[in-house]
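The residues making up each chain are set out below.
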Amino acid sequence: MFIIFIKPAYSQCAMCKAVVENGDVSMAEGVNNGITYLMVFPYILIGILFFAIYRYKKQLKN
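It should be emphasised that the depicted structure is a prediction, and the values quoted were computed from it without experimental measurement.

Draft legend 1. Fine view of the overall build of the chain. In terms of helices and strands, the chain carries two helices and zero strands. The burial tally for the chain puts 2% of its 62 residues in the buried class. Total accessible area on the chain is roughly 6100 Å²; 72% of this is exposed by carbon and sulfur atoms.

Structure (structure tokens):
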């Protein structure tokens, strides 16, 4: 799948870069905040899932 979708993914990054370079500082900060927002929440959800599995397995041992 990565081989098929590598070109559209790469071009999308170039488009985002062009928008940020031509825009103002507040728009660049907004893009950075959006990237951070999209990056953080999957890690939080996976952490919650692993914590729930850990607690479940710990209860089974007792």
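Read on for the rest.
Draft legend 2. Here's a closer look at a nonpolar patch on the surface. A surface patch of nonpolar side chains, about 980 Å² in accessible area, is lined by Y37, L38, M39, V40, F41, Y43, I44, L45 and I48. Position of L38 among the secondary structure elements: in helix α2 (residues 25–61). A relative accessible area of 63% places L38 in the exposed class.

Draft legend 3. How the structure looks around the packing of aromatic side chains. Counted by the stated rule, this structure contains one aromatic pair. A centroid spacing of 4.7 Å and a plane angle of 65 degrees characterise the contact between Y37 and F41, whose relative ring orientation is edge-to-face. A residue pair is termed a helical-turn pair when its members lie 3 or 4 positions apart in one helix, as Y37 and F41 do in helix α2 at four residues.

Rules used in this analysis
Residues numbered from 1 in each chain as written. Predicted model: local features only at pLDDT ≥ 70, side-chain atom pairs only at ≥ 80, totals over all residues. Heavy atoms only, no water. Helix = DSSP H or I, 4+ residues; strand = E, 2+ residues; numbered from the N terminus. Buried < 20%, exposed > 50% of the residue type's maximum accessible area, 1.4 Å probe, protein only. Areas by Shrake-Rupley, 256 points an atom, 1.4 Å probe, with all protein chains shown as cover. Patch = residues over 30% accessible without salt bridge, like charges linked within 9 Å, V, L, I, M, F, W, Y side chains within 5 Å. Salt bridge = Lys/Arg side-chain N within 4 Å of Asp/Glu carboxyl O. Phe/Tyr/Trp six-rings, centres within 6.5 Å; stacked < 30°, edge-to-face > 60°.

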